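Okay, here's what each chain looks like letter by letter:
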Amino acid sequence: MTGNLSNYLITSPIKALYPKKLTNRLVFPNEGVLDNHDDLHNNYSEFLVLDPQWKNKKNILGNIEKLDQIYEKILNSLKEELNIIHKKSYSKNFWRIFIGPWLFNFIVFYFERWSDIENAFATTRIDRSIFIKLNEGNPASDYADSRNYFLDPVYKQKISQKILSFFLSESQISHIDAKLDPQIKNKNIKENLINKILLKFNINKNKKYFFSHTGLGYLGNIKLNFFLKQLPSIYYFKQYVSYKKKNNSLRDTLLNNFDDKNNFETCLKYFIQNELPLCVVEDFDNFEKWSSKQPFPSNPKIIFSSDLMWLNSLSKYYLAKNREHGSKIIYRQHGAYYGMTKFMSQEHHERKASDVFLTWGWNEKTKNENLVKSGIRIFKTKTSFKELNKIIFTFRSRKRYVGSIAIGSYVSEKYSDYLKFTQNFLFSFNDILKKKTILRFPPFVKNIKTQDYFGNLCGNFYHNNNTNFNILMKQNNLFIHSNHSTAFLETLAHNCPTIGVWDDKEFILKDEYKKFYNQLKTAGLIFTELDKAKNFINNLDIKKIDQWWNQDEIQKSRINFINSYANTINFNSKKISEIILLNSRK
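What counts and how
Note that residues are indexed from 1 along each chain, following the sequence as it is written. Residues qualify for local features only when their pLDDT is at least 70, as the model is predicted, and side-chain atom pairs are given and counted only at 80 or more; totals for whole chains, interfaces and linings, by contrast, use all residues. Working from all heavy atoms in the structure, the side-chain values ignore hydrogens and water. Where helices and strands are cited, they refer to DSSP runs of H or I of at least four residues and of E of at least two residues respectively, numbered from the N terminus. In short, DSSP must find at least two bridges between two strands for them to pair. Interaxial angles span 0 to 180 degrees and are taken between N-to-C directions of axes, which are lines fitted to C-alpha atoms, for helices over the stretch in contact. Note on contacts: a residue pair is in contact if any heavy atoms of the two residues lie within 4.5 Å. By salt bridge we mean one thing: a side-chain nitrogen of Lys or Arg within 4 Å of a carboxyl oxygen of Asp or Glu. For the exposure calls, accessible area comes from a 1.4 Å probe over protein chains only, and a residue counts as buried if that area is under 20% of its type's maximum, exposed if over 50%, partly exposed in between. Looking down the strands as they point away from you, a crossover is right-handed if its path from the first strand over the helix to the second goes clockwise. A pair of aromatic rings is counted whenever rings of Phe, Tyr or Trp (Trp by its six-membered ring) have centres within 6.5 Å, and the orientation is called stacked for planes under 30 degrees apart, edge-to-face for over 60 and tilted otherwise. In this analysis the charged atom, NZ for Lys or CZ for Arg, is taken to sit over a ring once it is within 6 Å of the ring centre and within 35 degrees of the ring normal. By nonpolar core is meant a set of buried Ala, Val, Leu, Ile, Met, Phe, Trp, Tyr and Cys residues that side-chain atoms within 4.5 Å join together. Think of a polar contact as two N or O atoms within 3.5 Å of one another; within protein, one of them needs to be a possible hydrogen donor and the other a possible acceptor, and neighboring residues in sequence only count if both atoms come from side chains. The pLDDT score gives, residue by residue, the confidence of the prediction method on a 0 to 100 scale. To sort the angles, those under 35 degrees are grouped as roughly parallel, those over 145 as roughly antiparallel, those from 65 to 115 as roughly perpendicular, and the leftovers as oblique. In this scheme the handedness of a crossing depends on how the near helix is turned from the far one: anticlockwise by less than a right angle means left-handed, clockwise means right-handed. Side-chain classes are defined by residue name, with Ala, Val, Leu, Ile, Met, Phe, Trp, Tyr, Cys and Pro counting as nonpolar, Asp, Glu, Lys and Arg as charged, and the others, Gly among them, as polar.

Tracing the sequence through the fold places F561 in helix α19 (residues 552–565). For F561 and L492, which are 69 residues apart along the polypeptide, the C-alpha to C-alpha distance reads 8.8 Å.

Strand order across the open sheet formed by 5 strands is β6-β7-β8-β9-β10, with parallel pairing between neighbours. Strands at the two margins of the open sheet, each flanked by one partner only, are β6 (209–211) and β10 (371–373). Between one strand and the next, the sheet's axes are offset by a mean angle of 20°, whatever the strand orientation. As paired strands, β6 and strand β7 (residues 302–305) are joined by 3 bridges and run parallel to one another. By the bridge assignment, Y209 is partnered in β7 with I302. Across the sheet, helix α10 (residues 313–324) touches β6, β7 and β8 (328–332), and the angle it forms with β7 is around 150°.

The full count for this structure, using the stated rule, is 21 salt bridges. Salt-bridge contacts for K414 lead to D51; the nearest nitrogen and oxygen are separated by 2.9 Å. Remark: D51 occurs in the loop between β3 (46–49) and α1 (57–86) and K414 occurs in the loop between β11 (391–394) and α12 (415–426); sequence separation between them is 363 residues. Looking at K414, the relative accessible area reads 13%, which means it is buried. Salt-bridge contacts for E80 lead to K79; the nearest nitrogen and oxygen are separated by 3.1 Å. Its relative accessible area of 40% is what places E80 among the partly exposed residues.

So, about the pairing of strand β9 (residues 356–359). By the alternation rule, side chains of β9 split into V356 and L358 and F357 and T359, which are all buried. As paired elements, β8 and β9 share 3 bridges and run parallel to each other. Bridge pairing in β9 links I330 to V356. Assessed by its sense of winding, the connection that carries the chain from β8 through helix α11 (residues 345–353) to β9 is right-handed. Of the pairings in the sheet, the one linking β9 to β10 comprises 3 bridges and is parallel in character. Its bridge partner lying in β10, T359 is registered against K373.

Scanning the model with the defined rule gives 68 aromatic pairs in all. A centroid spacing of 5.3 Å and a plane angle of 45° characterise the contact between F393 and F395, whose relative ring orientation is tilted. This pair shows no difference in class: F393 is buried, exactly as F395 is. The ring of Y418 has R396 sitting right over it, with the charged end atom 4.9 Å from the ring centre. The ring centre of W362 lies 5.8 Å from the NZ or CZ of K510, which sits over that ring.

It is worth spelling out the nonpolar core at this point. By size, the foremost hydrophobic cluster in this structure holds 151 residues, and its most contacted members are F98 and F106. Per-element accounting of this core gives the leading share, 17 residues, to helix α2 (residues 92–123). Setting aside chain neighbours within four positions, we find F106 in contact with F150, Y155, I159, L268, F271, I272 and E275.

A few words on the side chain of R251. Note that R251 resides in helix α7 (residues 248–251). From its side chain, R251 meets the backbone oxygen of L276 in a polar contact 2.8 Å long. Contact partners of R251, with chain neighbours within four places excluded, come to P139, K246, Q273, N274, E275, L276, P277, L278, V281 and E282.

In the predicted model, the protein carries a mean pLDDT of 89, and 90% of its residues have values of at least 70. Looking at the elements of the protein, mean pLDDT is at its lowest for helix α5 (residues 193–201), recorded as 59, and at its highest for strand β16 (residues 526–527), recorded as 98.

The subject of this paragraph is the packing of helix α16 (residues 511–523) against α19. Viewed as axis vectors pointing N to C, α16 and α19 meet at an angle of 155°, and their least axial separation amounts to 9 Å. By the angle between their directions, the pair α16 and α19 is classed as roughly antiparallel. For the pair α16 and α19, the sense of crossing is left-handed. Contact residues: α16 offers E512, Y513, F516, Q519, L520, T522 and A523, while α19 offers E553, I554, S557, R558, N560, F561, S564 and Y565. Of the residues belonging to the contact of α16 with α19, the class tally is 7 nonpolar, 5 polar and 3 charged.

Where α2 contacts α11, the axes come no closer than 10 Å and their chain directions differ by 170°. Regarding the angle of α2 to α11, the classification is roughly antiparallel. Two secondary-structure elements touch here, α2 through N93, R96, I97, P101 and F104 and α11 through S345, H349, K352 and A353. Residue composition of the contact of α2 with α11, by class: 4 nonpolar, 3 polar and 2 charged.

The following block contains the structure:
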C-alpha cells in the first residue's frame, strides 16, 4: 500500500467501522471479518485481507503449548481466589470441570484476535481504526450463554477495541456513537411436564448410575439401564439465567496471583476478570442452591456421558460437584480428530477431567491414565449395494470464531482456501455426476448461503440438509467427504462407499495415526491431489460401485482403519454396562 491515503484496520463485520471516504484503504486481519452478504469493501479504492495466524504451521504447536501453560496458571490462580470468595475448598479438578471449558475457549478466542491484530501491525501500515461507543454490559450468565457472546459481532468489537488500545495512540482512533450493543438474549428454558414431576418427587435421587448425552441414542440408553437393573430416565439441563449485576470491586480481586509478563497477558488478565460468567462470580451461591434442586441423582457411583462437559454450566457443575464427592466420571469420545491430531483441545480437557475415557478404538495410554477401547454407534446397514442412488457430498462449516483447537481441521486452514480446493474438485464432475450430487452441510447450519463464500455453490448444485444422515447411510449412496470429519468415520464404519478429498498440507498428525491414514491414501480412499481425485471420480463406473468398493485392498485398509478409529466390534450397551460395573467396584 502506497500514497498518503489512510489505511483503516477493520476488526468486525459492522458497517459503522468503515470510513466514510471511499478513497481510504481497508485492512482486514482475517477473512472472518468480511461480511459476505454485503460487498461494501469492494467500493473502496483498495482492501487487503491478511492470513490468520493459525495458518502459520511453524508456530502453531508452540502457540498452543504457550496457551495451555497460561490456561493452567490462570486456573491455579482462580481456584485459590474463587474458593476464598465463596468460602469453599474445592479442588483444582472441580474448577477445571466447572470453568475450564469457558476459560480455555475464551483464551483461544482472545488469542486469535490479539495475534491477528498484532500480525496486521507487523506486516502492513495501519494508520487508523474506528471505535464504537459500547455500554459495559453484563458478562454472560453461564457457559452456554457465553458461546452466543463469542459469535456476536459487537462483542467481538468490544474485545478488539481493548486489544487495539495497546497498538494505537488515541490520535489514531476515531470514536463514533453508533448505539450498538451485543445482541444477546438469555434463554430460560421452560419446565416441561416430565421435569416438573421429577422435580416434585425426585424419583432419581438414589440412583447409582447417571447417564445423559451418551451418544448411544434413546434405545441404547434404555438397554444400558436395563443391563444395570435400573429404570431409565431423561434428564434436562436447563440454562441458568442470572439477574445479578456485575461487581467490579469483587472482580478486581481475581488473578492477583497471576504474574502478567507482557501486554498480551495484561490484556488477557483484564478480560478474564471482567468476562467470567456471572454464575461463577457474583451469582455462585444462588447458582449452587438452584443446581442442588434439580431432579438428578445425588452422588451416583458412576456418571457416564459424551457431551456434558460442554453443554452448559449446570451440566459441568453437576459433574464437578459429584466427582468432588467421590463419583467416577466415565466419558466417551464425541466425534472425529480424537487420537489423530497432535493437539485436540476437547480431547485434552476430557481426558484430564475424567476417571475413565472411552475411545472409538485407539489407545495411547500415558502414566496414571485410564483409556478404554469402546466404539462408534452403528445403525442397521445394507447387506448389498445396487445401482448408485445419489452422491452425498459433505462440507465442513465456516467457523466465525475459534473456540476449540484440532490441528488439521478448521483451525489451521483458511475457509476460502478449503473452499477453493473443494470447488475445484466439485466443478470437475461430468454432467451425470453433477445431477446425482447432493451437497450436505453440518446439521447446525441453518442458512447455506452463509457457507457459500464465493457465491457459486447454491446455484449450481442441489443441497439438502433435511434427510436424516442415518437414512442416507442405508441407501445406495456414494459419500464424498471434503474434510476429515465424524461423518467420514461413520460412513467407513457402516461400510458405505466412501472417499475423502481434501488438502492435508496443514495437518499435523500423531505418528501412530499416520500409518492408518496413509493406508487409506494408498488404497484410494483419501485423495489429497486434485488431479488424481478428478481422474478417479470421472472414470468411476457408477453402475458398478460395488465392484470397486469390495476390492480386497479397499476393504482391508477400511477394516484396519475402523478397528482402531471407528470400532464396530463388540461395542454395544452391554459392553458399556460391563465397563461401568467394573469401575463401580473399584
